[in-house]
Amino acid sequence: MATVTPTTNAVFIPEVWSANILAATEDNLVLANLVSRWDADVKQAGDVIHIPNLANVTAVTKTPGTPLTAAANTETEDTITVDQWKAVYMVIEDMTKAQSNYDLMKLYTDKIGFALAEAIDTSIAGLYSGLSQSVSAAAALEDSEVITAVGYLDAANAPRDDRAFVIHSEVMADLRGVDKFITYDNTGSKGVQTGAANGLVANVYGVDVYMSNNIVEAAGTPNILHKLMFHKEAFGLALQKAPSVESDRSLSNVGDELLGQTLYGVAELRDTFGVDVQVNS
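Please read these numbers as outputs of a predicted model, since none were measured by experiment.

Caption draft 1: Region of the structure containing the side chain of His168. Relative to the elements of secondary structure, His168 occurs in the loop between β6 (163–167) and α4 (169–176). Separated by 3.1 Å, the side chain of His168 and the backbone nitrogen of Glu170 make a polar contact. Within the structure, His168 has its side chain in polar contact with the side chain of Asn213 (distance 3.4 Å).

Caption draft 2: Fine view of the layout of surface pockets. In this structure, the largest pocket encloses a volume near 210 Å³. Residue lining of the largest pocket: Ile21, Leu22, Ala23, Ala24, Glu26, Tyr102, Leu104, Leu107, Tyr108, Asp110 and Lys111, and that is the complete set. When the residues that make up the lining of the largest pocket are grouped by side-chain class, the tally is eight nonpolar, no polar and three charged.

Caption draft 3: Quick look at the packing of aromatic side chains. What the rule picks out here adds up to one aromatic pair. With centroids separated by 5.3 Å and ring planes inclined at 65°, the aromatic side chains of Phe230 and Phe235 adopt a geometry described as edge-to-face. Per residue, the accessibility class of Phe230 equals that of Phe235, and both read buried. It is Lys111 that lies over the ring of Phe114; its NZ or CZ is 5.8 Å from the centre. In this structure, Arg270 is placed above the aromatic ring of Phe273, and the distance from its NZ or CZ to the ring centre is 5.1 Å.

Caption draft 4: Layout of the pattern of salt bridges. Taken as a whole and assessed by the stated rule, the structure comprises eight salt bridges. Two residues, Lys97 and Asp94, come together in a salt bridge whose shortest N-O distance is 3.9 Å. Pair noted here: Lys97 and Asp94 are both in helix α1 (residues 94–99), with a separation of three residues, about one helical turn. The class for Lys97 is partly exposed, based on a relative accessible area of 29%. Sharing partners across several salt bridges, the network here consists of Asp94, Lys97, Arg249 and Asp256.

Caption draft 5: Here's a closer look at the environment of Ser36. With respect to the secondary-structure elements, Ser36 resides in strand β1 (residues 36–37). C-alpha of Ser36 to C-alpha of Ala238: the two residues are 202 residues apart in sequence and 8.7 Å apart in space. Look past the residues within four positions of Ser36 in its chain and what remains in contact with it is Lys232, Glu233, Phe235, Gly236, Leu237 and Leu269. Here the side chain of Ser36 touches Phe235 through a polar contact of 2.8 Å, landing on its backbone oxygen.

Caption draft 6: Main features of helix α2 (residues 104–125). Counted at 1.5 Å a residue, the expected span for α2 with its 22 residues is 32 Å, and the 31 Å between its end C-alpha atoms agrees. Those residues of α2 lying buried are Leu104, Met105, Ile112, Phe114, Leu116, Ala119, Ile120, Asp121, Ser123, Ile124 and Ala125. Contacts from the buried residues of α2 go to β4 (84–93), α1, β9 (216–218), β10 (224–231), β11 (235–250) and β12 (255–268).

Criteria and cut-off values
- Residues numbered from 1 in each chain as written.
- Predicted model: local features only at pLDDT ≥ 70, side-chain atom pairs only at ≥ 80, totals over all residues.
- Heavy atoms only, no water.
- Helix = DSSP H or I, 4+ residues; strand = E, 2+ residues; numbered from the N terminus.
- Polar contact = N/O pair within 3.5 Å; in protein donor to acceptor, adjacent residues only side chain to side chain.
- 1 Å grid on protein atoms, 1.4 Å probe; cavity = no way out; pocket = protein on both sides within 12 Å on 5 of 7 lines; lining within 4 Å.
- Points joined across faces, edges and corners; volume = space filled by probe spheres on them.
- Nonpolar A, V, L, I, M, F, W, Y, C, P; charged D, E, K, R; others polar.
- Phe/Tyr/Trp six-rings, centres within 6.5 Å; stacked < 30°, edge-to-face > 60°.
- Buried < 20%, exposed > 50% of the residue type's maximum accessible area, 1.4 Å probe, protein only.
- Lys NZ or Arg CZ within 6 Å of the ring centre and 35° of its normal.
- Salt bridge = Lys/Arg side-chain N within 4 Å of Asp/Glu carboxyl O.
- Contact = heavy atoms within 4.5 Å.
- Expected span 1.5 Å × (residues − 1).

As far as function goes, none of this settles anything; it's purely spatial.
Written as structure tokens, this is what we have:
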């Protein structure tokens with residue numbers, strides 16, 4: 001006896017796609033907001049920013065009747081070269097738009113904008129390689145390594161304001177394992193706060209801790225996560241063209257084009273204001 005089953009009548013059963021989209025997980029974009037910004041210097045034109053460094057002078061003892069020797073520093077400079085041009089190009093064909101149940105133009109516009117912002121954050125994270133100060137935490141981040149990194153900034157007279165410690169999500173487990181970081185730290189601020197806005201997750205020894213998976217993981221045996229503890233003047237970002245997305249018709253592709261781009265430069269500015277905190281991945 002023949003039976004009507006879902007197999008025999010498959011042509012009558014529609015496939016249904018959810019109205020909700022599980023978008024790709026987006027990393028916290030935090031580094032661009034934590035470094036010194038030089039956008040205004042290249043807003044109109046230019047490709048290299050020259051930033052003079054003014055060295056400290058030393059007070060000497062004045063001997064009565066003896067002329068002073070004039071102090072004369074040989075000053076130096078740092079530069080930021082605007083040479084990072086990132087772009088994303090897509091074409092959404094008319095047939096795809098007509099048959100899609102979603103606003104593809106909006107969805108991909110948002111994704112392109114995120115990709116450009118992520119590229120900026122990743123470039124800043126890569127500046128760890130130029131730092132001369134580092135702390136190796138081996139398999140797990142412990143209190144002693146954090147104290148050592150803070151000590152480097154203190155020794156360099158880095159202002160206590162505008163300090164940041166950007167860690168990878170893998171290291172959050174280490175922080176959660178230290179009582180002082182999950183209750184109240186020695187400044188009286190709240191400790192680890194999962195899900196806090198803008199990537200801010202804690203404050204330890206007066207340093208705001210942010211989480212971002214854009215932190216560099218260098219391949220090796222084992223892999224090394226290069227977290228960054230720094231004062232904002234350690235690194236500079238010059239954003240000449242902010243991330244933007246534009247659209248146009250493509251007759252040859254019979255669809256709509258999307259083009260996103262950004263133009264910027266990054267540089268290490270104050271070496272002693274930054275620390276590469278290394279943890280095995």
